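Letter by letter, the chains look like this.
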Amino acid sequence: MGDTQPESVALLATHAVNGQRYQEFPYADDGEGIEEEVGEEEKMQKIEMQPKDGEPVRKPSLGERRNVELTRLLVIDEQREPTTKTTTTSPTSTTASDNSGRQSPISNSPREHFTPGLRRNSISMPSGINALELEALRLRHQMQSQDPLHEESQSGSMVDDGASSNVSTPVVVVNTPDKGVTTINFGNTDDNNDDSDDEFGNAKKPVYRDRFRSRRRASIAPLPALRLNSKEMLASDFDTHSVASNQASITSINSLASLLREKMQLIRKKKRETKDYKIKIFVIMMFFIIIFLIGYAYIAYHQQILTRSYFQKIKFNSQDRIFRILNHEDKEVISGQLGVTIGSDSAPFHCLEDHRRKDGSVCIEWNGIARLHMNFENKGVFRCYTMQWQALIPGLLPTDCYELQRDNGLWFGGGITKGQEWSLSYANFDFKPYASGDIKVHQFGNGVKRYFINSIGVAMQVSEQTPLQIGINRTANQFCLRAANDEFTFVNRLTELPQLDYKICTTEDMRSLHMLMTQQSLWDGLKEADIQVLKSLLEEPVWKIPTGPTVESLNESIICDYSENAISIGLGHIVINEFWQENIGDFTVDKTRFPTLKDTIDVLHRRGFKVVFTIQPFISTDSANFKDAVRRKLLIYERYSERSIPALTRYKSSSSAGVLDITNNASIPWLIEKLQRIKDEYQVKGFYLDLGTGYNLPHYYQCRQTLDNPDMYARQLTSSLESAGLMAVSTASVVPKPPTFLSTPPANATWEGLRETLAAVLNYGVIGYPFVLPGAIGGDYLLHGPLHKMVSFYSLGQPELPDQELFIRWLQLATFLPAMQFSHLPSEYRSDLVTRVAQELKEVRQTVVIALLKKYLNPSMNEGWPLVRPLWMLDPHDPACLIVSDEFSVGEELIVAPILDAGREEREVYLPQGVWKDGIDGSLRKGSRWMHSYRVPKDKIAYFRKMPDNTRF
């Protein structure tokens, strides 16, 4: 090869090992390229390692360091002319200097460079090679053209920038001392000549590589077995050129690494599967949450869009007619749905100009179906809203429903109901006409008032012109008002189609709200004599002379004897029932049974009693006045008939009777004349007006002037007879002028009757009747079975002497009520216990109760507050006070907890806030707490007097 040998071809150096000559190659890190990559510090170390005498000292090779024999690969620069001469030299023959001036053992040929890009563990040729047929390799290289390598195989080749474009397939012939000649072919396989297009149809760009460079192995030593894609493959199948000596150390390491890699892959796969499962659940949950939020936002948005604000505190959605009222703190206090009977498909719009009012009200109409007017009235801390519905088509019944229970608030008012529920929130009944009736048969009792109040500070007042029906549905939590005409209660249609007209008022204080809604001055037109009568009714008992079911059960001697026995307890008003006349409506004394009644009454007056006659607007067909009233056309006549035909009804002892037409201007003067004649002749002090109820009117009644409802009859008659002196009335729809009391319904002589009496007194006080006359102590009649007709249809006498325990408990309750009414006297029991209890209670009433009744008389007259109140009127914010139905207060200073069940001598007692003195043992009790199993002996009643706030125990 001599001087023509390329500079880049490495010359072979030989050295003697065990007497043999072997070829030696320089290390890859001896080249210039490697030196360029070595740092300055390492270069200095290499220079210092060379001996000063110039003897070449090589560092241990990779095989020496690992104590193994490694193959060595020679890379030939193919740009130079090939040589055919094979050079073998001795390792000690010559030396040559590289660019750095370092001496290395080389042949006589010039120094050639090895490719600097080879990895250290890939540059060694197989051990045992002592000769290379370089000439044959050069010739073969010249004869064969270079095969192109496509871009797919580029990653497996190390291509030099100066490589020739024409490369032959080189063959290296190696002579080994023990194995002879070995030929190594570095040529391409057929796979490398694939000139097909790529997957996009483009011609593949040829990439050339050095044929003396082999693709880098995945590892330098084969594994006995390698799992690829879950299939085992022998290591010898992919690597047949590895040296067996490397396998012992490296194979075990790679096998362990492969096993660990496989285990890690399995672990990652499981984690990936678990993570995927959690991600799926999370995505599903987020999907449903997003759907819910979108739906909620849609509904809230449309409700907000459709809801308009009226008068600052009204929120009304005209589409679904949801109505809400806010208080001064913008907190919702009442909500409901207006126009329940209007279809949801009806679209609202503002009323036409002709239908609007000039009072500032808002008018909304539902497409010719109904029309709503809303208005606002500001009363300072009180805010009132008027609502008026007008039906525009026949058959439509305007109906508004509000929440029955909200924030522990309860509805009260309306009087007493058939089930005697303490609160309307506990009732449950379908729509019924709101009119006075017999509590045993009808839904509402004898005292009614279109006023309802909620303990959270909301009150309603319905117009008298509205044909009102009320329904309570506890299941739907609704308290509903409806306007509907019928054939009796609201037969007189005031408007062509029903109208619902009412007012809602709100404030933060329930006490103030009640005062606003019931406020009326009862002092107007009151005379001094009226005040004296009122006080006498509070201080003295009412004596109801017991009678049988027939008129013969009452005469003068019974009246005299009864008064003599009653005087030991106290004086008061003696009430003589309708039997003082032969027939109901005579308005004259029956001379047969009362020949000297005038003298008897004089005796009673001297004893200190006041005599009261019972009168009715009914005139029996057996009375002489009936013919006179028919002739004068003073009676209510039959509907759809001539005015000469009176409408008849039944009342107590009269099986057939006509009713005075109070709308006839001649009726009231005719009646007053007869009553005044009785007063003048017998010196009676007043009258008890027994009106029955609204249902005691003839079914097909017709008055000369149209009545709004049957209760208007009692209202007008009571007002017309004020000048005659009325002690009490049996029914009312407005508060009668004092000193007239409202009587509770007749009570059955049972424990149930006792409970009904207390419920009636409290409920009448809530709706604005401060002066209530309870029934007779011990009961007004006795019936063991249920009634199917009104009590007023029967002539029921006073019951037999009630049970002693019942009489004592009834007497204990009546002691603390606004008025006391006796029928049976305590002396009739001939019992020391009854007599002693009566005396003790008489002393309690005179010393404790009457003083409180007089003290709170003025607030009742001025503000409409009842004398006897439920506990929630003391503290409406105390939840316990709202639910307590069997306790009450006299004014604000006395709490009473009576026993209302047979055989009981203990009960639960709740005291409102404050300090209270026990009326039984005189001990002090702290309020705002319950007293469990409080002992109440048969001869005692639990009551507690309020002490000053600074009282110490």
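Everything numeric in this text was worked out from a predicted model, so none of it was measured.

1. Comments concerning the overall build of the protein chain
Then, in step 1: Looking only at helices and strands, one finds 17 helices and 45 strands in the protein chain.
Then, in step 2: Put simply, the protein chain has 953 residues, and 51% of those count as buried.
Then, in step 3: Put simply, 69% of the contacts in the protein chain that link residues at least 6 apart link residues at least 24 apart.
Then, in step 4: Accessible surface computed for the protein chain: about 45,800 Å², of which carbon and sulfur atoms make up 50%.

2. So, the sheet that holds strand β28 (residues 618-620)
Within a sheet, each strand pairs with its neighbour through backbone hydrogen bonds, oriented either parallel or antiparallel.
Then, in step 1: Strand order in the open sheet formed by 3 strands is β28-β31-β30, with antiparallel pairing between adjacent strands. Each end of this open sheet is capped by a strand with a single partner; those strands are β28 and β30 (648-651). Ignoring strand direction, the axes of neighbouring strands in this sheet form an average angle of 50 degrees.
Then, in step 2: The pairing of β28 with strand β31 (residues 654-659) spans 3 bridges and is classified as antiparallel. Residue pairing for β31: Ile619 is matched across the bridge by Gly658.
Then, in step 3: Packed on one face of the sheet, helix α10 (residues 624-632) meets β28, β30 and β31 and runs near 115 degrees to β28.

3. Some thoughts on unusual backbone geometry
Then, in step 1: Note that the residue after Pro738, namely Pro739, is joined by a cis bond; omega there is 10 degrees.
Then, in step 2: For Pro739, the position within the fold is in the loop between β34 (726-729) and β35 (741-743).
Then, in step 3: Within the chain, Arg830 stands out as a residue other than glycine whose phi angle is a positive 50 degrees.
Then, in step 4: Locating Arg830 in the fold gives a position in the loop between β37 (821-822) and α15 (832-855).

4. Section: the nonpolar core
Then, in step 1: Ranked by internal contacts, the top residues of the largest apolar core, which has 162 residues, are Phe613, Phe816, Trp872 and Phe888.
Then, in step 2: Sequence-distant contacts of Phe816, that is, excluding residues within four places in its chain, are made with Val844, Arg845, Val849, Val868, Phe888, Val890, Leu894, Val896, Ile941 and Tyr943.

5. Side note on the packing of helix α8 (residues 556-566) against helix α9 (residues 597-607)
Any two packed helices are characterised by the angle at which their axes cross and by the distance between the axes.
Then, in step 1: Across the interface, α8 lies against α9 with an axial gap of 10 Å and an inter-helix angle of 5 degrees. With respect to each other, α8 and α9 are oriented roughly parallel. Of the residues in α9, those in contact with Glu556, Ile559, Cys560, Ser563 and Glu564 of α8 are Leu597, Thr600, Leu604 and Arg607.
Then, in step 2: For the contact of α8 with α9, the residue count by class is 4 nonpolar, 2 polar and 3 charged.

6. Remarks on the state of the cysteines
Then, in step 1: In the structure shown here, the tally under the stated rule is 3 disulfides.
Then, in step 2: Disulfide partner of Cys351: Cys363, at an S-S distance of 1.9 Å. Measuring the twist about the S-S bond at about -75 degrees, one finds the Cys351-Cys363 disulfide to be left-handed. Taken together, the positions of Cys351 in the loop between β13 (349-350) and β14 (362-365) and Cys363 in strand β14 put the pair 12 residues apart, joining distant regions of the chain. As far as burial versus exposure is concerned, Cys351 and Cys363 are alike and both buried.
Then, in step 3: With its sulfur 2.1 Å from that of its partner, Cys401 forms a disulfide with Cys480. Around the S-S axis, the bridge from Cys401 to Cys480 shows a dihedral of about 110 degrees and counts as right-handed. Placement of the pair is Cys401 in strand β17 (residues 399-403) and Cys480 in strand β23 (residues 478-483), with a sequence separation of 79 residues.

7. Section: the sheet that holds strand β24 (residues 499-506)
Then, in step 1: Reading across from one edge, β13-β14-β15-β16-β24-β21-β20-β18 is the order of the 8 strands in this open sheet, with antiparallel pairing throughout. Only two strands of the sheet have a single partner each, and these edge strands are β13 and β18 (411-413).
Then, in step 2: Both β14 and strand β15 (residues 370-379) contribute to a ladder of 4 bridges, which runs antiparallel. Along β15, the bridge assignment pairs Cys363 with His373.
Then, in step 3: Set on the sheet, helix α6 (residues 510-518) makes contact with β15, β16 (382-391), β20 (451-454), β21 (458-462) and β24; between it and β20 the angle comes to about 170 degrees.

8. Brief notes about the pattern of salt bridges
Then, in step 1: Under the criterion given, the structure shown has 30 salt bridges.
Then, in step 2: With a shortest N-O distance of 3.5 Å, Arg869 and Glu892 are connected by a salt bridge. Remark: Glu892 occurs in the loop between β39 (888-890) and β40 (894-897) and Arg869 occurs in strand β38 (residues 868-869); sequence separation between them is 23 residues.
Then, in step 3: By relative accessible area, which is 28% here, Glu892 ends up partly exposed.
Then, in step 4: The structure contains a network of salt bridges with shared partners spanning Arg836, Glu840, Asp939 and Lys940.

9. Looking at the packing of aromatic side chains
Then, in step 1: Under the counting rule described, the total for this entry stands at 25 aromatic pairs.
Then, in step 2: Aromatic pair Phe287 and Phe288: ring centres 5.6 Å apart, planes at 75 degrees, arrangement edge-to-face.
Then, in step 3: Where Phe323 meets Tyr402, the ring centres are 6.3 Å apart and the plane angle is 80 degrees; that geometry is what we call edge-to-face. Placement of the pair is Phe323 in strand β11 (residues 322-326) and Tyr402 in strand β17, with a sequence separation of 79 residues. Tyr402 carries the same exposure label as Phe323, and that label is buried.
Then, in step 4: Sitting above the plane of the Phe431 ring, Arg482 keeps its charged end 3.8 Å from the centroid.
Then, in step 5: Looking at Arg639, its charged tip hangs above the ring of Tyr701, at a distance of 5.7 Å from the centre.

10. Overview of the pairing of β17
Then, in step 1: With 4 of its 5 residues buried, β17 lies for the most part within the structure.
Then, in step 2: Where strand β12 (residues 332-337) meets β17, 2 bridges bridge the pair, whose relative direction is antiparallel. Bridging from a neighbouring strand, Gly336 pairs with Tyr402 of β17.
Then, in step 3: Here 5 bridges tie β17 to β23, and the two strands are oriented antiparallel to one another. Across the sheet, residue Tyr402 finds its bridge partner in β23, namely Phe479.

11. Some words on helix α13 (residues 751-766)
Then, in step 1: The terminal C-alpha atoms of α13 lie 23 Å apart, and with 16 residues this matches the ideal 22 Å at 1.5 Å per residue to within 8%.
Then, in step 2: Gly768 lies just past α13 and shows a positive phi near 110 degrees.

12. Examining the pairing of β24
Then, in step 1: Judged by how many residues are buried, β24 sits mostly within the fold: 6 of 8 residues are covered.
Then, in step 2: For β16 and β24, the ladder comprises 8 bridges, and the chain directions are antiparallel. Its bridge partner being in β24, Gln388 is matched across the sheet by Asp501.

13. Topic: α9
Each full turn of the α-helix corresponds to 3.6 residues, which orients residues three or four apart in the same direction.
Then, in step 1: Within the sequence span of α9, burial applies to Leu597, Thr600, Ile601 and Leu604. Looking straight down α9, one finds its buried side chains confined to an arc of 100 degrees; they lie on one side.
Then, in step 2: Where the residues of α9 are buried, they touch α8, β26 (573-576), β27 (610-615) and α11 (667-682).
Then, in step 3: Looking at the residues trailing α9, positive phi occurs at Gly608, about 110 degrees.

14. Points about the environment of Gly409
Then, in step 1: Looking at where Gly409 falls in the secondary structure, it is placed in the loop between β17 and β18.
Then, in step 2: Linking Gly409 and Ser455, residues 46 residues apart in sequence, is a C-alpha distance of 5.1 Å.
Then, in step 3: Not counting the four nearest positions on each side in its chain, Gly409 is found in contact with Leu404, Ser425, Asn454, Ser455 and Ile456.

15. Points about the confidence of the model for the protein chain
Then, in step 1: For the protein chain, mean pLDDT is 77; residues scoring 70 or higher make up 71% of the total.
Then, in step 2: Throughout residues 1-39 the model reports pLDDT below 50, and contacts reaching past four residues in sequence, or to other chains, amount to 110 contacts.
Then, in step 3: Of the regions scoring below 50 in pLDDT, residues 146-204 engages in 131 contacts with residues more than four places distant in sequence or in other chains.

16. A closer look at the side chain of Ser860
Then, in step 1: Counting through the fold element by element, Ser860 comes out in helix α16 (residues 857-863).
Then, in step 2: One polar contact links the side chain of Ser860 to the main-chain carbonyl oxygen of Trp865, over a distance of 2.5 Å.
Then, in step 3: If we ignore the near neighbours within four places in the chain, the residues touching Ser860 are Leu522, Pro770, Trp865, Pro866 and Leu867.

Quick notes on the rules
Residues numbered from 1 in each chain as written. Predicted model: local features only at pLDDT ≥ 70, side-chain atom pairs only at ≥ 80, totals over all residues. Heavy atoms only, no water. Helix = DSSP H or I, 4+ residues; strand = E, 2+ residues; numbered from the N terminus. Buried < 20%, exposed > 50% of the residue type's maximum accessible area, 1.4 Å probe, protein only. Contact = heavy atoms within 4.5 Å. Areas by Shrake-Rupley, 256 points an atom, 1.4 Å probe, with all protein chains shown as cover. Pairing = 2+ DSSP bridges. Axes fitted to C-alpha atoms, helices over the stretch in contact; angles between N-to-C directions. Core = buried A, V, L, I, M, F, W, Y, C linked by side-chain atoms within 4.5 Å. Parallel < 35°, antiparallel > 145°, perpendicular 65-115°, else oblique. Nonpolar A, V, L, I, M, F, W, Y, C, P; charged D, E, K, R; others polar. Disulfide = S-S within 2.5 Å. Salt bridge = Lys/Arg side-chain N within 4 Å of Asp/Glu carboxyl O. Phe/Tyr/Trp six-rings, centres within 6.5 Å; stacked < 30°, edge-to-face > 60°. Lys NZ or Arg CZ within 6 Å of the ring centre and 35° of its normal. Expected span 1.5 Å × (residues − 1). Arc of directions from axis to C-beta. pLDDT = per-residue confidence, 0-100. Polar contact = N/O pair within 3.5 Å; in protein donor to acceptor, adjacent residues only side chain to side chain.

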